[in-house]
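Take a look at the letters that make up each chain.
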Amino acid sequence: MLDVRFVRKNIDTVRQALANRQMQLDMGEFVRLDEHRRAVLAEVETLKNERNAASAEVAKRKRSGQDASDLLEGLSALSERIKGLDEQARKADEDSEAFLYSIPNIPHSSTPVGKSEADNPVVRVVGEVPSFDFTPKEHWELGQNLGGIDFDRAAKITGTRFAVLKGWAARMERALVAFMIDLHTREHGYTEVATPYIVNSDSLRGTGQLPKFEQDLFRLDFKDYYLIPTAEVPVTNLHRDETLDEADLPMGYTAYTPCFRSEAGSYGKDTKGLIRQHQFDKVEMVRFCKPEESYEQLELLTSQAEEVLKRLKLPYRVITLCTGDVGFSSAKTYDIEVWLPGQNAYREISSCSNFEDFQARRAGIRFKPKCGKAQLVHTLNGSGLAVGRTMVAILENYQRADGSVAIPKALVPYMGGLTELRP
RNA sequence: GGAGGGAUGGCCGAGCGGUUUAAGGCGGUGGUCUUGAAAACCAUUGAGGGGGAGACCCCUCCGGGGGUUCGAAUCCCUCUCCCUCCGCCA
């Protein structure tokens, strides 16, 4: 959420940001709602001031045993008027806040202006794309031939967009999680956390999934609970409504969690394989920092996600999401795309974003500087990495002509010494 | 599932209709003292919103929501969460 006072004073900046994001939103409506809200507020506050003064006078007289019935006479009516106006003020507040919640973050000046994903510039290309003297297979074929990935039984147990991993594949998922978490905790200074996979709606509002993206979530038919779409939600909300110590910043958490997404609106997209599942595993990194350091923190975070791919010797490229493609809450996002020989394409495997104070404002996450008032932190997060897609990338990049697949050296210790998979 | 107890500022904790503009303590910050530090003492120390060029002023906030009242941290209803005991349970 943006600062209401910022929006009020910089309405044209907001309009430009919306245009750059290819979004239609009538900011004139916001101005009307905001002015109405302040007018009602001014009126009700004047009356409350009157009432408070009169009540204090009543108290004073009663204490000294004097009669106060003349004062009491009009007060009942005044209170009734306040009650009515308070209701109007509440409504006006709700309306303008609802509008404010629908305004996306302002893209950072370094976020390139563009209409769609076609305009995302490539920042760097890393690693060598492997060449094959045979036609490389796609991962689902490899995975099924090697007896590790079973989509049919998953469909029986649950439905489409689920997978059962068996034997080496189940172990590889566990190995990848351990490998990534070890890297981030031992070498990148992150604190590992294990959080609930179910969160309440306050948490989802805090990170910006609600109110706008309810259709992407699995909502439980129990209380106000949702399955998490990413560990970003529980981990960022660890510090919701807290004031952090300046000395602790910047700080980072890493967490492994499954993620649950309804994938509403993506019917027919990536229907085969592990790329787009209702449930997938992900290792996430979340950072909290001071405003002035958040862009260097974004570079750091991105490099830490890239390090996973470097260690696994998987070729990838980094792109900057342009204004037309960057997420609702993000001011700047780098996507890391891994090379998939079977698809002959780069596919997203990590997304690293700086939300500046957009989430912190919603979630009430502050820090107290040595001198001065508490101010909002900046929050960042990035996948480090999506585990299923990492497995996809290993299968496709490490495949051989005979259908066997080598295990990346860095992963061998985590696979109990296993160096290759054979049909 | 049953029966009780609780939720107050960064933290602990008093308050149980109008001298609460939330006592007191801890912590934080500034100062006095000191070569420096500690101790002691003094002062200061929440958030959100609105108005104003500014000095400042006003409104709201004692877990959430609703009610009673001229007036609610305080009384009533309701929800959430935490604790204790019983039952069930990985």
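Residues numbered from 1 in each chain as written. Chains lettered and ligands numbered in written order. Predicted model: local features only at pLDDT ≥ 70, side-chain atom pairs only at ≥ 80, totals over all residues. Heavy atoms only, no water.

So what exactly am I meant to see when it comes to the overall build of chain A here?
Summing up its helical and strand segments, chain A has 12 helices and 17 strands in all. In terms of its C-alpha atoms, chain A occupies a principal-axis envelope of roughly 100 × 45 × 40 Å. Taking all 423 residues of chain A together, the buried fraction comes to 51%. Within chain A, contacts between residues separated by at least 24 positions form 73% of all contacts whose residues are at least 6 apart in sequence. Just so you have it, chain A exposes about 20,200 Å², and 48% of that area is on carbon and sulfur atoms. In chain A, 56 side chains carry a positive charge and 62 a negative one; their mean positions are 1 Å apart. (Helix = DSSP H or I, 4+ residues; strand = E, 2+ residues; numbered from the N terminus. Buried < 20%, exposed > 50% of the residue type's maximum accessible area, 1.4 Å probe, protein only. Contact = heavy atoms within 4.5 Å. Areas by Shrake-Rupley, 256 points an atom, 1.4 Å probe, with all protein chains shown as cover. Lys, Arg positive; Asp, Glu negative; His and termini not counted. Charge placed at Lys NZ, Arg CZ, Asp CG, Glu CD.)

What is the right way to read the nonpolar core from this model?
Side chains of a nonpolar character, in soluble globular proteins, are inclined to be buried together. By size, the foremost hydrophobic cluster in this structure holds 52 residues, and its most contacted members are M172, L176, L395 and L411. Ranked by the residues each element gives to this core, the list is headed by helix α7 (residues 168–187), at 10 residues. Here L395 is in contact with H139, L142, G143, L146, I149, W168, V405 and L421, once residues within four sequence places are set aside. Within the second largest apolar cluster, 17 residues are counted, among which are L2, I11, I103 and I106. (Core = buried A, V, L, I, M, F, W, Y, C linked by side-chain atoms within 4.5 Å.)

Would you take a moment to explain helix α3 (residues 27–63) for this structure?
Because each turn of an α-helix spans 3.6 residues, side chains separated by three or four positions in sequence point in the same direction. The terminal C-alpha atoms of α3, which comprises 37 residues, lie 53 Å apart, in line with the 54 Å expected from a rise of 1.5 Å per residue. Residues M27, G28, F30, L33, D34, R37, V40, V44, L47, A54, V58 and R61 constitute the buried set of α3. Packing partners of the buried residues in α3 comprise α1 (4–9), α2 (11–20) and α4 (69–101). Backbone nitrogen of G28 and a side-chain oxygen of the N-cap are separated by 3.0 Å at the start of α3; the cap is D26. Remark: G65 follows α3 within two positions and exhibits a positive phi of approximately 75°. (Expected span 1.5 Å × (residues − 1). Polar contact = N/O pair within 3.5 Å; in protein donor to acceptor, adjacent residues only side chain to side chain.)

So what exactly am I meant to see when it comes to unusual backbone geometry here?
For residues other than glycine, phi is negative in most cases, and the peptide bonds are mostly trans. Residues L210 and P211 are joined by a peptide bond in cis, for which omega reads 5°. With respect to the element layout, P211 can be found in the loop between α8 (201–207) and β6 (225–227). Residue L249 is joined to P250 through a cis peptide bond whose omega torsion reads -5°. Structurally, P250 is set in the loop between β7 (242–245) and β8 (251–260). In the Ramachandran plot, R161 falls in the positive-phi region, its phi being about 65° despite a non-glycine side chain. Tracing the backbone shows R161 in the loop between α6 (151–157) and β3 (164–165). Despite not being glycine, K313 has its phi angle at roughly 55°, a positive value.

For this particular structure, what's the right way to read the protein's contact with RNA strand B?
In the vicinity of RNA strand B there are 23 residues, among which R5, R8, R38, S79 and K223 approach most closely. Looking at RNA strand B alone, sugar and phosphate atoms form 77% of those within 4 Å of the protein. Between a base nitrogen of RNA strand B and a side-chain N or O atom of E45, the distance comes to 3.4 Å. In the environment of RNA strand B, a sugar or linking oxygen lies 3.3 Å from a nitrogen or oxygen atom belonging to the side chain of S55. Looking at the surface near RNA strand B, the elements with two or more residues in it are α1, α3 and α4. For the surface near RNA strand B, the residue count by class is 5 nonpolar, 5 polar and 13 charged. (Near = heavy atom within 4 Å. Nonpolar A, V, L, I, M, F, W, Y, C, P; charged D, E, K, R; others polar.)

Any chance you could explain the sheet that holds strand β13 (residues 365–368) here in plain terms?
The pairing of strands in a sheet happens through backbone hydrogen bonds and is either parallel or antiparallel. Pairing in this open sheet of 3 strands is mixed, and the strands run β7-β13-β14 from one edge to the other. Edge positions in the open sheet fall to β7 and β14 (375–376), since each of these has one partner strand only. For β7 and β13, the ladder comprises 4 bridges, and the chain directions are parallel. Across the sheet, T243 pairs through a bridge with R366, a residue of β13. (Pairing = 2+ DSSP bridges.)

Whenever I open this one, the packing of α2 against α3 confuses me. Can you help?
Pairs of packed helices are described in terms of their axes, by the angle between the two and the distance that separates them. Two elements in contact, α2 and α3, have axes whose closest approach is 10 Å; the angle formed by their N-to-C orientations is 145°. Considering how the two elements wind past one another, α2 and α3 form a crossing that is right-handed. On α3, the residues touching I11, V14, R15 and L18 of α2 are M27, G28, F30 and V31. (Axes fitted to C-alpha atoms, helices over the stretch in contact; angles between N-to-C directions. Left-handed = near helix turned anticlockwise from the far one by under 90°.)

In this structure, what is going on with the side chain of R161? I would like to understand it.
Buried within the structure, R161 lacks any salt-bridge partner; E263 is the closest side chain of opposite charge, at an N-O distance of 5.7 Å. A polar atom in the side chain of R161 sits 3.3 Å from the backbone oxygen of D270. Excluding its chain neighbours within four sequence positions, the residues that come into contact with R161 are E263, S266, Y267, G268, K269, D270, T271, R276, Q277, H278 and Q279. (Salt bridge = Lys/Arg side-chain N within 4 Å of Asp/Glu carboxyl O.)

For this particular structure, what's the right way to read the state of the cysteines?
In a disulfide, the sulfur atoms of two cysteines are held together by a covalent bond. This model, assessed by the stated rule, comprises 0 disulfides. Between C322, a cysteine without a disulfide, and C352, which holds the nearest cysteine sulfur, the sulfur-to-sulfur distance is 17 Å. Given the relative accessible area of 0%, C322 is considered buried. (Disulfide = S-S within 2.5 Å.)

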